[in-house]
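# Topology and contacts: notes
Residue strings, one per chain:
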Number of protein chains: 2
Amino acid sequence: MTTTDARRTIRLGLFAFGCGHHSAAWRAPDSSVERLGDIGYWTELARTAERGGLDAFFLADGQALGVGAVSRGPLWLLEPITTLAAIAAATERIGLITTVSSTFWDPFHAARQLAGLDHVSHGRAGINVVTSMTDDEARNHGMERLPPHAERYARAAEFVEVLRGLWRSWPRDAIRADRHGSYVDAHALRPIDHHGEAFDVAGPLNVPSSPQGHPVVFQAGASEQGRDLAARSAEGIYAVAWDLEQAREFRDDVRRRASAFGRDPDGIAVMPGLVTHVASTEREARERRRALDELLPVEDSLRQLAFFVGRDTSEWDLDAPVPELAPLSSFEGPKGRYATVLRIVATRNPTVRELLGVLAAGGGHATFIGTPEQVADEIERWVDAGGADGFNLMPPTLPGGIEEFVEHVVPILRRRGRRPLAEDAGATTLRERLGLPAPR
Amino acid sequence: MTTTDARRTIRLGLFAFGCGHHSAAWRAPDSSVERLGDIGYWTELARTAERGGLDAFFLADGQALGVGAVSRGPLWLLEPITTLAAIAAATERIGLITTVSSTFWDPFHAARQLAGLDHVSHGRAGINVVTSMTDDEARNHGMERLPPHAERYARAAEFVEVLRGLWRSWPRDAIRADRHGSYVDAHALRPIDHHGEAFDVAGPLNVPSSPQGHPVVFQAGASEQGRDLAARSAEGIYAVAWDLEQAREFRDDVRRRASAFGRDPDGIAVMPGLVTHVASTEREARERRRALDELLPVEDSLRQLAFFVGRDTSEWDLDAPVPELAPLSSFEGPKGRYATVLRIVATRNPTVRELLGVLAAGGGHATFIGTPEQVADEIERWVDAGGADGFNLMPPTLPGGIEEFVEHVVPILRRRGRRPLAEDAGATTLRERLGLPAPR
């Protein structure tokens, strides 16, 4: 990169989800809801992100349909790994990051599929390791219910260890292809012979190491164990941060933990989710947000809130203050989002209706609303204040929200030297694009 | 199809493997061995097959590197599902069939990935269910050794049942996308609530049914249990047949079993593997085959034979007759190939060296050598005599072997009305291409 240095560069990825991250996005008259099962829709989103020079295209995932949830809006439709492999063939530069549940995946299959994705994309693959959230998911994989939080995270740590071992087990330079001798130098292979609490895996992997060594490893948990796992082994973190203070607290804490594990904290890119509403005036941006909020049935919002707080909310009075919530330590669900709800309640004392409005638009992730300049300013401010190394963009509507961002916000960040000029970037792998060190 | 009727059409797929199916193909001076890790190589093979109007592109798979085997030649490199998803984006019509081991895959993941592949390919996916072969594979998936044959096949039968249930569990017409109401009609979903010997799976799948209903199901086992599984639930069979008599015995038997299970035997396409050596004269074709055989170290052939017969062959005298082999019933490895070895020995009484020559060129699959007319004649003869509904082509060299077949043999079959004219085919899904009935 000739016009920006790595420290000043703000990492940006697109988190593609349905018709957008606003719960009512699919209800808009001009939404693409009919195209969600069409790979062409997802490929176009990835190409738009690539055209804007973004670093990555990210897909979340879940292991159950969620019968109640899917009545209220589209959730999962395609399968993320096959989707990203198809997109790999239709794009050239953008990183491709999938979510994999360590609670339900066999590590040999996961290591192999991600290594395969890394090859078919010529070194652009990433994996976001999660531990899953619901008993519905467990019942699709032979369990009666989700294992307890601590057990899931212990398994996740072992899972990542096995993956890294497998990804190193067949170094690509072990391939000789000597027509008069051996195809592979068997002495250069490194079986892992892993025998742990959760997994027994011999190795080596039957996919050689890829152009970037191995896929970039992301982590998304915000609990104590999630932070430790991220600090010990993640190269990128998808954080949930409602405001800059919460973002700094999280990033500082993870960097401290990484140092304590003997790692350079700059080897971890902390990328909170970011919802942006962009328009030519702030007033118009707020108006668009309000129009989306109005599309959402209140009962749907209450059900989403019930999931976020782990309680029945159906009897809550919409115009009364939010009832008192249990402390974070006693909550067994996803911690990051719950912490955000607690923080919104503590700092703003909203009514239930006000809280629903905030959550519908991105589930409590950072939300910047305004002109392209205002949004670019806020992005810079968070990064320069140590709240983030970049953002995982969660447009409220798709494809509109990412088109606007790419056309109006990215050019400002480029002019300010905070994004590489596309023709200048020089990086070919996802790890290089994110400015992260090569795997040890 | 306007110029051919379904009964007269000969199904043809390409079984892509390394530099070709001859064990020494990679050793040829002009082989593509350096390109095996490049998705571009595999995409070009699929496009060549598509240009020739073939029905399918098929990948085998294994769950271990095979340290000894990979010294002697390339085995697996990329991962088949991600490879086929990438090829889906770069092709338009050809079917895409992957191998999945029911011994090591979780059925929810398998159902979901195959449904995903079916969507990203617009209805061109197929799955070849196998039960795996080696303890090395078991040790990569938490087992000390491969479960016994009977247990593997019982699991495979349950696996296919769960897959079919999951593929029906979210009918695509349950999607309403009613902007003022529900996204999905929850009453149209069909959870499977499967509780069996090997699996507990609730469902529904979180991928809706695909353009062809669900992926086409292939099976490849030749044992008693494999034949029953195929007869009960397969839509296509990858058979191993050394000669027409063996092919007819197998096809007749499977059709009888299918009838006994209440199925129309014409709903199953039996497609033996077929090695072809094609040249402008028969003499030249034989000469090419001999040149390939000469590239192969004898020790490598002996090791391959040891795997096929489940015995140490290192002390066998190359110029003596093959030692007496145990009967098929007592053999625990892959039955189809072993039956072929027994058959070659019984009908030809070859020396060990002669047997090695036959096996190196395609492991005992049907082998047609000659001019394009001779090869086309033999293909027609097998189909018309009831030995096959088509073939899974196993070119001894790639890409050369498939280019020759597509350029010289396919046009003859078209002229004879045995292959649809490409511009005439009219089929959009793999199931339609194969002339198979819609799923029940």
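Cut-off values and rules
- Residues numbered from 1 in each chain as written.
- Chains lettered and ligands numbered in written order.
- Predicted model: local features only at pLDDT ≥ 70, side-chain atom pairs only at ≥ 80, totals over all residues.
- Heavy atoms only, no water.
- UniProt positions renumbered as here; feature names shortened; annotations may be inferred.
- Helix = DSSP H or I, 4+ residues; strand = E, 2+ residues; numbered from the N terminus.
- Buried < 20%, exposed > 50% of the residue type's maximum accessible area, 1.4 Å probe, protein only.
- Contact = heavy atoms within 4.5 Å.
- Polar contact = N/O pair within 3.5 Å; in protein donor to acceptor, adjacent residues only side chain to side chain.
- Pairing = 2+ DSSP bridges.
- Right-handed = clockwise from strand over helix to strand, strands pointing away.
- Least-squares fit on C-alpha atoms with pLDDT ≥ 70 in both.
- Buried area = accessible area lost by both parts, 1.4 Å probe.
- Salt bridge = Lys/Arg side-chain N within 4 Å of Asp/Glu carboxyl O.
- Nonpolar A, V, L, I, M, F, W, Y, C, P; charged D, E, K, R; others polar.
- Phe/Tyr/Trp six-rings, centres within 6.5 Å; stacked < 30°, edge-to-face > 60°.
- Axes fitted to C-alpha atoms, helices over the stretch in contact; angles between N-to-C directions.
- Parallel < 35°, antiparallel > 145°, perpendicular 65-115°, else oblique.
- Left-handed = near helix turned anticlockwise from the far one by under 90°.

The name given to chain A in an unreviewed UniProt entry is LLM class flavin-dependent oxidoreductase, with Pseudoclavibacter chungangensis as the source organism. If you open the UniProt record of chain A and go to Sequence similarities (unreviewed entry), you find "Belongs to the NtaA/SnaA/DszA monooxygenase family."

## Some points on the UniProt feature "binding site: FMN" (unreviewed entry) in chain A
All names here are of chain A. In the numbering used here, UniProt assigns the feature "binding site: FMN" (unreviewed entry) to Asp 61, Thr 99, His 149, Tyr 153 and Ser 223. Following the sequence through the fold, Tyr 153 ends up in helix H6 (residues 149-169). Residue classification places Tyr 153 among the buried positions, given a relative accessible area of 9%. Apart from residues no more than four positions distant in its own chain, Tyr 153 is found in contact with Thr 131, Gln 219, Gly 221, Ser 223, Gln 225, Gly 226 and Leu 229. In this structure Ser 223 touches His 149, Tyr 153 and Lys 335, once residues within four positions along its chain are discounted. Looking at Ser 223, its side chain comes within polar contact range of the main-chain nitrogen of Gly 226, at 3.0 Å.

## Examining the pairing of strand S9 (residues 269-278) of chain A
Residues and elements named next belong to chain A. Among the 10 residues of S9, 10 are classified as buried, and the element is accordingly described as predominantly covered. Where strand S8 (residues 236-239) lies against S9, 4 bridges are found, and the strand directions are parallel. Paired with Ile 237 across the strands is Val 270, a residue of S9. The parallel pair S8 and S9 is bridged by helix H8 (residues 244-260), and the resulting crossover is right-handed. Note that S9 and strand S11 (residues 390-393) share 2 bridges and pair parallel. Residue Gly 273 lies in a different strand from S11, and its bridge partner there is Asn 392. Two strands pair when backbone bridges link them, and S9 and strand S10 (residues 366-370) are joined in this way by 5 bridges, in the parallel orientation.

## Some points on the relation of the copies chain A and chain B
After a rotation of 180° and a shift along the axis of 0.0 Å, chain A superposes on chain B with an RMSD of 0.0 Å. The superposition of one copy onto the other is thereby described by a two-fold rotation axis. Every residue of chain A has its C-alpha some distance from the rotation axis, and the shortest such distance is that of Ala 86 of chain A, at 2.1 Å. Here 100% of the interface residues in chain A have copies in chain B that are interface residues too; the copies meet face to matching face.

## Concerning the interface of chain A and chain B
Counting residues at the interface gives 69 residues for chain A, matched by 69 residues for chain B. Roughly 5600 Å² is buried in total at the junction of chain A and chain B, and carbon and sulfur atoms are behind 59% of that figure. Summed over the shared surface of chain A and chain B, the result is 4 salt bridges. Arg 112 of chain B is paired through a salt bridge with Asp 61 of chain A; the nearest N and O atoms lie 2.6 Å apart. Linking chain A with chain B are 31 residue pairs in polar contact (both at pLDDT 80 or more). Going through the elements one at a time, helix H2 (67-72), helix H3 (80-90), helix H4 (107-120) and strand S6 (200-201) of chain A are the ones with two or more residues in the side of chain A that touches chain B. For the side of chain A that touches chain B, the class distribution of residues is 37 nonpolar, 21 polar and 11 charged.

## Re the pattern of salt bridges
Summed over the entire model, instances satisfying the criterion amount to 68 salt bridges over all chains. A salt bridge links Glu 294 of chain B to Arg 290 of chain B; the nearest nitrogen and oxygen atoms lie 2.2 Å apart. Note that Glu 294 of chain B and Arg 290 of chain B are positioned in helix H9 (residues 282-294) at a spacing of 4 residues, about one turn of the helix. Salt-bridge contacts for Asp 300 of chain B lead to Arg 303 of chain B; the nearest nitrogen and oxygen are separated by 3.6 Å. Linking Asp 300 of chain B with Arg 303 of chain B, this pair stays in helix H10 (residues 298-309), spanning 3 residues, or about one helical turn. Assessed through its relative accessible area of 11%, Asp 300 of chain B is described here as buried. A network of salt bridges, in which partner residues are shared, links Glu 224, Arg 227, Asp 228, Glu 249, Asp 253, Arg 256 and Arg 257 of chain A.

## Digging into the UniProt feature "domain: Luciferase-like" (unreviewed entry) in chain A
With numbering matched to this structure, UniProt assigns "domain: Luciferase-like" (unreviewed entry) to residues 31-387 of chain A. A distance of 33 Å separates the end C-alpha atoms of residues 31-387 of chain A, which is 44% helix and 12% strand.

## Regarding the packing of aromatic side chains
Residue and element names in this part refer to chain A. All told, the structure shown has 27 aromatic pairs over all chains when counted by the stated rule. Between Phe 159 and Phe 199 the ring centres are 6.1 Å apart and the planes differ by 55°, which places this aromatic pair in the tilted class. Taken together, the positions of Phe 159 in helix H6 and Phe 199 in the loop between strand S5 (194-195) and S6 put the pair 40 residues apart, joining distant regions of the chain. With relative accessibility at 0%, the residue Phe 159 sits in the buried group.

## What to know about helix H7 (residues 224-233) of chain B
Owing to its 3.6 residues per turn, the α-helix brings residues three or four apart onto one side. When H7 of chain B is considered as a whole, its buried residues turn out to be Gly 226, Arg 227, Leu 229, Ala 230, Ala 231 and Ser 233 of chain B. Buried positions along H7 of chain B lie against helix H6 (149-169), strand S7 (216-219), strand S8 (236-239) and helix H8 (244-260) of chain B.

## A word on the packing of H7 of chain B against H8 of chain B
Residue and element names in this part refer to chain B. Taken N-terminus to C-terminus, the directions of H7 and H8 make an angle of 55°; their axes are 8 Å apart at the nearest point. Viewed along their axes, H7 and H8 adopt a mutual orientation that is oblique. Of the two possible hands of crossing, H7 and H8 adopt the one that is right-handed. Only Glu 249, Phe 250, Asp 253, Val 254, Arg 257 and Ala 258 of H8 make contact with H7, whose side of the interface consists of Glu 224, Arg 227, Asp 228 and Ala 231. The residue makeup of the contact of H7 with H8, split by class, is 4 nonpolar, no polar and 6 charged.

## Side note on the packing of helix H1 (residues 39-51) of chain A against helix H14 (residues 400-415) of chain A
What describes two packed helices is the angle between their axes and the distance between those same axes. Residues and elements named next belong to chain A. At their nearest, the axes of H1 and H14 sit 9 Å apart, and the two run at 15° to each other. Put simply, H1 runs roughly parallel to H14. The hand of the H1/H14 crossing is right-handed. For the pair H1 and H14, contact is made by Leu 45, Thr 48 and Arg 51 and by Ile 402, Glu 403, Val 406, Glu 407 and Arg 414, respectively. Split by residue class, the contact of H1 with H14 holds 3 nonpolar, 1 polar and 4 charged.

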